[in-house]
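Structural overview for review
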Amino acid sequence: MRWWLPDAGSTFAGPIDTLFLAILIITGIALVVVEVGLVTFVIRYRGRPGRKAFYTHGSTRAEVIWTAIPAVTMVALGLISNHYWVLIKDKKSVPPNAYHLGVHAKQFEWQVTYPGPDGKLGTADDFTVRNQLHVIVNQPVAVELTSEDVIHSFFVPEWRLKQDAVPGMHITAWFQATKTGEFELGCAELCGMGHYKMRARVFVHTPDEYKAWVAQQAAGGTE
Amino acid sequence: MNGRIFSVVGGMFLLTVCSKGSQSNVQAAPPSSPLTAPAPAGSSDVSAAGGTITGKIKFTGTAPRNPAIDMSEEAACKAKYPTTPTEENVVAGPANALANVFVYVKSGVPAGQTFPAPATPVVLDQNGCRYHPHVFGIMVGQGLEIQNSDPVLHNIKAIAKANRPFNVSQPTAGMKTTRTFAAPEVMVNLECNVHGWMHAYLGVRPDPFFAATGPDGSFSIKGLPPGTYTIEAWHEKFGTQTATVTIAGTESKTANFTFAAH
Amino acid sequence: MTSVAHARPEAHGDAQHAPMSFWRKYIFSTDHKIIGIQFLFVSLFFLLVGGLLAMQIRWQLGFPGTPMPGGGILPETMAVNRVILPEYYVQLVSMHGTFMVFFAIMPLLVGVYANFLIPLKIGAHDMAFPRINMASFWLALLAGLIMTASFFVPNGPIRSGWTNYAPLAARPDLSGVTVGQMLWCVSIVVLGLSSVLGSLNYITTVINHRAPGMTWFRMPLSVWALFITAILGVLALPVLQGAAIMLLFDNVLGTHFFDPVAGGQALLWQHLFWFFGHPEVYILILPAMGMVSDIIANGSRKPIFGYHSMVFAIIGIAFLGWIVWGHHMFMSGMNPTLGSTFMVSTLLIAVPSAIKVFNWLGTMWRGNLRFHVPMLNAIGFVSMFTIGGLSGIFMAATPVDIPLHDTQFIVAHIHYVLFGGSLFALFAAITYWYPKMFGRMMSERIGKVHFWLTFVFYNLTFFPMHIIGMGGQMRRIYDPTIYTFLKPQQPLNVFISYAAFALFAVQFLFAFNFLWSLKFGKKAPMNPWEDNGMEWSLPNPAPHGNWDRTPNVYRGPYEFSAPEAGDKDYLPQYTKLPTDRDPVPAPLPAGGH
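Residues numbered from 1 in each chain as written. Chains lettered and ligands numbered in written order. Predicted model: local features only at pLDDT ≥ 70, side-chain atom pairs only at ≥ 80, totals over all residues.

1. Notes on the overall build of chain C
Secondary structure summary: chain C contains 18 helices and two strands in total. Against the globule reference of 25 Å for 593 residues, chain C gives a C-alpha radius of gyration of 24 Å, in line with a compact fold. A principal-axis box enclosing the C-alpha atoms of chain C has dimensions of 75 × 55 × 50 Å. Evaluated residue by residue, chain C yields a buried proportion of 63% over its 593 residues. Considering only contacts in chain C between residues 6 or more positions apart, those separated by 24 or more positions represent 81%. (Helix = DSSP H or I, 4+ residues; strand = E, 2+ residues; numbered from the N terminus. Rg over C-alpha atoms; globule rule 2.2 N^0.38 Å. Buried ≥ 20, exposed ≤ 12 C-beta atoms within 10 Å, placed from the backbone. Contact = placed C-beta atoms within 7 Å.)

What follows is the structure, given as structure tokens:
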């Protein structure tokens, strides 16, 4: 049983998880204040015969306080969040040394195009593998996302990465995996009856392993 | 009887049609291997009287290699094969015999003559993440019983023009779904979108005069009333070829087709 | 139309004091109270339908691929060997959302309570346009029937979620849905018409038909909320109607508004849908907030804390509601810079929401609390809406939204707002105004048992969804167990399912209480909750036309425990104290022409 976010598997996980924890603390405090307040008032001010409620229409000072605190907190949260948001999603943030892969989504499969031994996408030695995503650990990877038919969403929980693949659009999503091993890629946007089955296996390799795998694929592999 | 008629569909295809007189029937009634279409039950009703067309389908050249299927994502399917399974684009038998060719009487059956659809359904099995049979025929109104022998999700998407398309899914093993087709159509494409390599083709006919070749490339269409018929052979990669055959009485005639692989 | 055919005999009938026929009185009624009650019965029915769909969803998620009890009645296009098919599962989630949002929660809040409460609470004799009001009800019913019909057509109802993202919803060859998609579009267009007619009516009535002395800032917060909601409705629903018509054209006429294969724009649908959809979220919560405010003031025997800021918070939420739609699209491929803008506007909604929550707390502070059933449910609303509001902050912060977007976390969030929020408010409102509707009280004892059981099972159902959402379980997936990373949390899915079944079962207590009390409930006294609202100056149930003479309003709605009230702890808006002067009647609007 897991009670927290999945294990961290990319460089995004650090800031995102920290931000998650920060929001959890902020909202946790707010929640405790409200719920403890409610319970306290429910017990303390329960109706008793002969008692009369305190007749008041409010307090401007109290209201200014509980307007200002959330406003300041939210603006601060927005500024911090935006810093990481730009870092993760902005087009200009894709590292120049990123290794580019093509991911084409289709009801109900992921077609991953690899640049082949020459390392360049769009050349003759490219090859495509169905439902298998192989990447190199600690290497920035940029995924060129497209879709054949409907909207799909590229989601690897350990990488804290989610990006819709939209027909008619070409979207680049980048990440840098930090842990080798096998993970799963799921579709997070309802794409039809087989939505739940749109699953690919994700392999994070050491550079040598990856090179060997590419060589094997280029030499025939499945096609 | 018109002797020999050549009909070439597509310049690159070589076609020979031999129609000889009565020939001791090779009767290559395909054994009920999963790859061959079950002979429609209805055909036996009319075969008591009438002629028969038999033939053998071959190809020249080298058949393209069928791509291997990487089934590692579906362990349950992969386990059903001792070696890496392949797609079934061109399935060749001994001596260049060509399997999975759908042969049917395209025209010549008198208009207005109707044939009852057999009560027994055609069974399409999804086993090992492949369709069995891969190419087959069915009569208008005859049931197509689709069954799932795999413990994984398959969806069956029928891409049709004359018929209403459908798309049904079978998430667990043992599920059965029956569908019928209301209009003749050659061919209706069936595909599974979960396993992109899964394709099947089915010819919907208003009469029982059709067959699909097995690994030995032979077919036999029985019970044809006297008349002149255009028969067509369809293959998913090599296209179509037609021939004209005239039947008088209860004779048996031969129509062989030869496709050319590049 | 029927309204015309039946309108004339009414005049005669009234003149002769002949009793109106059952049909005139209860079916083709132009009385705002009867129309409200009609909406109540119809939308409670759709609430039940939506609940039944939810139970099937929970069966599949808890026990994927196992035969569902009672599944035998489903046709083989929905379940084979009683096992739910993936396409039916997708239809279940799509139609659960559609029914709950459009045919249960929205009509319950707006159709029922805007109709029933606005004229009663502002001292009006009826709606400004009673026949348009009747048309609004019948159109809503028609829309509901069209939507229900989609279960019985070939290929069944929609399979693209209640949000109907294009191009899936626009391409029958990709969705597998044909007639059902058209019916969805047609139904939504009809429903939108109903909503727009209703909203125009509410707006006009509030502006023009307030009784003398009912100034803007003497209006109860429920009326304020319903008034602002009506403005949202009249602006938002036409956007959805337009989008639905475009979607219909894509499906039927071969246009390609949303299909990029022929030059359309897939994201256009999302922009249109959420431009409607986010104000819609506030349509679904503002009336609940308004009614809860009334009930909390009553239960606390205290004036509402910060009445003016409560009004401005309603207006603020409604305004911000128009500039946050993009937060549904953070992962859509929309320009990330737009994402930053939408994040800031979204986070700002926390401010008016916090004002409301703290003001409710302030209202209870030093009160003399009465824990009648409406008050219990209203307190439940405050505590659950707080969780729903706070969980929204996680997804508003764009980086944190990345792992949480389109997972069960958002499902938990929306249910904390719509069930914990809107539905608890509705349990409160239904119980509270039941005597005004039917002249009898609902059982207090059953009501309390229902509240506590609902509160417990509701939290057991929806709170764990946050956790499985954090674990990464995507929305709308048929079988989470095929994913290695989701398999370990399947026991929690089973737990949620059991809690959900119990939650559903408990609702029959409410249904029983509601129906049983119609005939056997205790007769309601004139002012059972000792409230200040104008409606309690009338007998229960109130007659057609409400007041014989237009009433006067002497004060605001929350004068509980006011010193001038003497030994009572409430002072109704209609009570004239010796020190009160009669208000000057406002000049009749447009009457001079």
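2. Observations concerning the overall build of chain B
Scanning chain B from N- to C-terminus turns up two helices and 17 strands. Residues classed as buried in chain B amount to 45% of the 262 residues present. Across chain B, the fraction of contacts at a sequence separation of at least 24, relative to all contacts at a separation of at least 6, is 70%.

3. Some thoughts on the interface of chain B and chain C
Contacts between chain B and chain C engage eight residues on the former and 10 residues on the latter. Residue classes in the side of chain B that touches chain C are distributed as four nonpolar, four polar and no charged. (Nonpolar A, V, L, I, M, F, W, Y, C, P; charged D, E, K, R; others polar.)

4. Re the sheet that holds strand S11 (residues 199-205) of chain B
All names here are of chain B. With respect to topology, five strands assemble into an open sheet ordered S5-S11-S10-S7-S8, the strand pairing being mixed. Each edge of the open sheet is held by one strand with a lone partner, namely strand S5 (135-139) and strand S8 (166-170). Across the sheet, the mean angle from the axis of one strand to that of its neighbour is 25°, orientation sign disregarded. Relative to strand S10 (residues 185-191), strand S7 (residues 154-159) runs antiparallel, the two being bridged by three bridges. Each bridged residue has a counterpart across the sheet, and for Ala-158 the counterpart in S10 is Leu-190. (Pairing = 2+ DSSP bridges. Axes fitted to C-alpha atoms, helices over the stretch in contact; angles between N-to-C directions.)

5. Some points on the environment of Phe-462 of chain C
All names here are of chain C. Looking at the element boundaries, Phe-462 is found in helix H17 (residues 444-470). For Phe-462, a count of 25 C-beta atoms within 10 Å gives the class buried. For the pair formed by Phe-462 and Gly-421, sequence separation is 41 residues and the distance between their alpha carbons is 13 Å. Not counting residues up to four positions away in its chain, the partners in contact with Phe-462 are Ala-412, His-415, Tyr-416 and Phe-419.

6. Section: the confidence of the model for chain B
Where the model shows low pLDDT, its predicted coordinates should not be examined in detail. All names here are of chain B. When pLDDT is averaged along chain B, the result is 82, and 81% of the positions lie at 70 or above. Of all helices and strands in chain B, the one with the weakest mean pLDDT is helix H1 (residues 41-46) (42), whereas strand S3 (residues 122-127) scores best (97). Every residue in residues 1-47 scores below 50 in pLDDT, and together they form 100 contacts with partners more than four places removed in sequence or on other chains. (pLDDT = per-residue confidence, 0-100.)

7. A few points about the interface of chain C and chain A
Listed as interface residues are 87 residues of chain C and, on the opposing side, 78 residues of chain A. Per-element tally for the side of chain C that touches chain A: the top contributor is helix H13 (residues 350-364) of chain C, with nine residues. Across the side of chain C that touches chain A, the residue classes break down as 53 nonpolar, 24 polar and 10 charged.

8. Section: helix H18 (residues 490-520) of chain C
Residue and element names in this part refer to chain C. Here H18 spans 45 Å end to end across 31 residues, near enough to the 45 Å set by a 1.5 Å rise per residue. Of all the positions in H18, only Leu-492, Asn-493, Ile-496, Ala-499, Ala-500, Leu-503, Phe-510, Asn-513, Phe-514 and Ser-517 are classed as buried. Buried residues in H18 make contact with helix H3 (32-62), helix H16 (408-438) and H17. (Expected span 1.5 Å × (residues − 1).)

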